[in-house]
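# Breakdown of the fold
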Amino acid sequence: MRGAMLTTTVAAAVLLGVTACGSSGSGGGSGASGPIKVGLITSLSGPLAAQFAGVNNDFKARIDVQNASGGVGGRRIEVFVADDAGSVQGNLTAAQKLVDDDHVIAVADESAFVAGAIRFLKQQGIPVAGGQYSGPFWGQQPYTNMFGDWGSINPGSPVYTTIGRYLKSVGASSLGSVGFGDSPSSKLDASNQAASAKAAGVKVAYLSTSAQIGSNDFSSQALGLKQAGPDTLYSSMGGSQSIALLTAARQAGAKITHSFFISGYSPSIIGSSAQQMLQGADFGVYYAPQQADTPATRATAAALQKYAGLSKSSFYSFDLVGWLSASVIVRGLQAADANPAPASFISGLRKVRGYTAGGLLPAPVNFSDFGGGTTEGLGAGGCLYVVRLAGGAFQVENGGKPICGGPVSG
Amino acid sequence: MTAYVLAGLVSGSIYALTALGLVSTYLSAGVLNFSYGAYAFFAASCYYFLHSQHHWGIAVSAVLVVLVISPLLGLGLWAVLFRGLARSTTLIKVAATIGLSVAFPPVAQILFGKPQVYGTPPGLAPQPVAVYHVLGVAITMDQAIVLACLAAVLVIGGVVLRFTGAGLVVRAVVDSEKMAALTGVSPQRVSAAVWAFSYLLAGLAGVLVAPILGLGSDGFTFLMATAFTAVVIARLRHPGRAVVVALLIGVATSLVQKWAPPSSTLAQDLVPAVPFLFVFVFILLGSRRVTEERGDHEARLGAALAGEDERHHRRAQAAGPARRRYLAAPAAAGRAHAGLIVTIVVLAVLPAVLNSYWVGLVGFGAAMGVALLSFTLVTGEGGLISLAQVSFAGIGSAAVAQFTTVNGLPALLALALAGLVALPFGLVVGLLTVRLGDLHVALITLTFALLMDSLAFDSSYFFQNGLGVNASRPSFAGGGASFAYFALVIFALLALFLVSVRRSTTGLAVVAARWSVPGARTIGLSTTAVRVQAMGVSAVIAAIGGGLLAMYQYASLLNGFSTGQGLVWLAVAVAVGIRSPLGALLAGLAFAVVPGIFTQYLPASWTPVPTLLFGLAAIGMVRQPDGLLADIGGLAHWLGRRAAALLAHGPAGPGGPAARVSPPRPQGVTR
């Protein structure tokens, strides 16, 4: 008995000691003075860590910019970061750490596993910013505490004219649209853009929503594309898989002359083995790409060079969602009362209209328009920037302006 | 059609290479290596690191990874691990190799970072990959290399085995190790060489399959499971058949993709089901001729576990009457029960003194403890290595969410019903597997778990566009502390149930079936029925655990119940102690709290370390079958004796009584 007692006492003492350490030094939240505490959840490790690399630095850079200009209401913003290790359970644990232990008043959840924490964060009344990942809750009741970086998504996911009209304008006559079967958003996006193309007068020759996340085996889709013979490919999959699909299709003999990818825009393509394959490919971007060279992009790039280590020879891409989430949080803190708290943050930000993230969004966002604003696969106001790979550089299409559209009538 | 068949043959060739490696080590060393897929992932990551990130040439990178690192690692692992496994029980072999499979991915992440791959990871063909047209079908150089590699391995392997002295020696060792040893052959050397060759094949498969699977570790689990299917159907010992079956699976998978409508999810659902369908047909048609040494394996496992109890019993006899009372057989169980009660009492105090973050983790750990308790019954008691417990837990999670949210039932009733929903799944899986033998149970439950991942857990009905389905807690367990208490109470009740089952006639029958199938049959026990029941009850417990996890998270999110996650669950359970409810509870807490500690106190680059530690600790089962719990118990027991001696006699010199208390040996309480 004594051995058993000692066993458990040792184990419990270790547990108690470790966890008691965690309970010390916290409490009181941000308070009326001192720094305002905000949190960031992202996948610093785990299966999607590579995709989210840089988000952390960009988030902090935006907060550094704000702190350099006096913070919010004269108070500095302090950032706490938690790694969800690429799992829904990890996302919940990270949220609990930030809320219960660090006492943050707002959270940015930049992870594909955000579904793990949304109920907890809703229950705690914590406002959440993020890049509209992994589910419809960014515009669906009761998650009114969720603020997408480019507004909220209509949970009905209507078909917009945006991409269909663009593809028609660049000469597409028939389309092959491919999405993941095990990602509802990717699947819906592939179907929606096929419908958008059809509405614009482009023949839909092939629609596949049976690809699997994590697999690069696109042999059946490649053979299907060869057989159906579209001249244009739309992919709602991740950048890596989209490139693998295009590679497989061309190797199989499919005559694809133009392609449009909803993600994948990245400086890593330049100089990579994929660069040749992607010549002339279009990429959708939810924010003003650095190549647009506007005052907003120049200011953002300068701040990222100063605070996040962005090199002068490179440019920002997906990692900018960290910056955008921090911008939403800063705007929420500004909209809250003098002593920001979660409730005043949410009520204040829900009244904000005409938000553009300092000019980075393709259209103004009305946070009061919960459940409206845009649809799956498109940015603010149903718009997107389009960049095209030409030679060793990206260039912004449509004269540097975003392409926009509205719901397909009928 | 020809193009699809060709694509299928390419996939099938990689499955075949993997299956060949698996069969070779099983035949020569009796170990079916569950870390094979994970090592293939490691090799693919290493090749990408060298070739793509550091711009080494294809030939140099491939030679280094496939011909140098892989066989050397195989030799190293043979020397430190596999050599000692040859005469271990099936449970220890499986647990150790699963521990390795859990450890390889985090090691790869630590060593090679987290590369963002654009497009297809390169294979052995130069970029851009050349495309040839044969009979009107496009074939890439990567595909041609895969087919050529399989042909080369088959031809060279066949020639070496049939026409060379080395091949004769290998065949002699496979036929009869003892007879071969009598002729002066060293079976150990042969075994080492086979392990090196097996890892060479794993490295080759990893490099070849990376362009198809990408660099995600989950895809490699599927590769391994598909190869396992071929190995099972080849009855674990026929390499030629394994190759043929692997090629057939590849072609069948490709044809499913051809015939399923591309705009439906049919292909996505059916492709992962193909290996299970092959296994199912095999079970229906050919399983009677399975040649796994079932009785022998089970008897050895039973004997090993019984040996532990017997040692404790001898200690009890050697101790005084007072100690004898509680150390009487099963002594370890008695100690663990006492420890369990004390642990629950200590944990009951924690919510009062901790902040809500740590209280939440205690609740999570207790819920996990319930799920892991299912291993205590099915594996710890029954000796069945089920890799489907995570799927049963997922079923429980989905059921609780459906019952509480869709049907509006009270949470407690939903929890009980969730167990009942999982019961038939457990019984059917048990019925299909238990009579085939320990290894087949592990292999087929792994395939079943993958099937559940793709057919059920990814379905839109449960996935709900990523939102999952809400799950309600009981009204009295809405807060973090109250939920932790609730989960602890459920755990205590189920642990009590397990303890009473262990002492019942049914429990004795389970142990008897584990000890010796022939022995149990001679006393009139239906070992199949007993073990099927154990599997069914374990499914109920796992489902209740899964239901608690859904309540903890306020939702059923089934991507948390993947097959890969289930391997980590087993690794944690084995590492801490799979034979006692206390082990399950502490394993659950470790699963929750250890990553929490790393998240809280260490940089993000340390995040892969807990998983690595769980894997390494599971490998430790080779040294200590009762897990870390026994080590801690042994240490605590020694400290207690030393403290008692000091209190009784005071500090003494070198010859004093306190000095005569022996320090704990590496074997912990099992000395």
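Residues numbered from 1 in each chain as written. Chains lettered and ligands numbered in written order. Predicted model: local features only at pLDDT ≥ 70, side-chain atom pairs only at ≥ 80, totals over all residues. Heavy atoms only, no water.

Once that is clear, we can look at the overall build of chain A. Along the backbone of chain A there are 11 helices and 12 strands. Its C-alpha atoms give chain A principal-axis dimensions of about 75 × 55 × 45 Å. Burial status across chain A gives 61% buried among its 410 residues. Intrachain contacts of chain A at a sequence separation of at least 6 include 67% that bridge at least 24 residues. In the form shown here, chain A has an accessible surface area of approximately 13300 Å², with 53% of it arising from carbon and sulfur atoms. A distance of 5 Å separates the average location of the 26 positive side-chain charges in chain A from that of its 22 negative side-chain charges. (Helix = DSSP H or I, 4+ residues; strand = E, 2+ residues; numbered from the N terminus. Buried < 20%, exposed > 50% of the residue type's maximum accessible area, 1.4 Å probe, protein only. Contact = heavy atoms within 4.5 Å. Areas by Shrake-Rupley, 256 points an atom, 1.4 Å probe, with all protein chains shown as cover. Lys, Arg positive; Asp, Glu negative; His and termini not counted. Charge placed at Lys NZ, Arg CZ, Asp CG, Glu CD.)

Residues and elements named next belong to chain B. Overall, the prediction assigns chain B a mean pLDDT of 81, with 86% of residues at 70 or greater. Mean pLDDT across the elements of chain B ranges from a minimum in helix 14 (residues 321–327), with 44, to a maximum in helix 17 (residues 389–406), with 95. Note that residues 322–331 has pLDDT below 50 and, in this model, 15 contacts with residues that lie over four places away or in other chains. This model gives residues 653–671 a pLDDT under 50, and the stretch forms 42 contacts once residues within four places in sequence are excluded. As scored by the predictor, the complex reaches a pTM of 0.81 and an ipTM of 0.77. (pLDDT = per-residue confidence, 0-100.)

Moving on, we get to the side chain of A:Asp109. Residue and element names in this part refer to chain A. Inspection of the secondary structure assignment puts Asp109 in strand 3 (residues 106–110). Looking at Asp109, its side chain comes within polar contact range of the side chain of Asn91, at 3.1 Å. In this structure, Asp109 is in contact with Ile41, Asn91, Val114, Ala117, Leu121, Val128, Ala129, Gly130, Tyr133 and Trp138, ignoring residues within four places of it in sequence. (Polar contact = N/O pair within 3.5 Å; in protein donor to acceptor, adjacent residues only side chain to side chain.)

Here the focus is helix 6 (residues 184–199) of chain A. All names here are of chain A. Helix length check: helix 6 (16 residues) gives 22 Å between terminal C-alpha atoms against 22 Å at 1.5 Å per residue, within 8%. Regarding helix 6, the residues found buried are Ser186, Asp189, Ala190, Asn192, Gln193, Ala194, Ser196 and Ala197. The inward-facing, buried residues of helix 6 contact helix 5 (162–169), strand 6 (174–180), strand 7 (203–211) and strand 8 (232–235). (Expected span 1.5 Å × (residues − 1).)

The next point concerns the confidence of the model for chain A. For any part of a model where pLDDT is low, the fine detail of the predicted coordinates should not be relied upon. Chain-level pLDDT for chain A is 87 on average; 92% of the residues reach the 70-or-more range. pLDDT under 50 marks residues 1–29 of chain A. Its contacts with residues more than four places away, or in other chains, come to 51 contacts.

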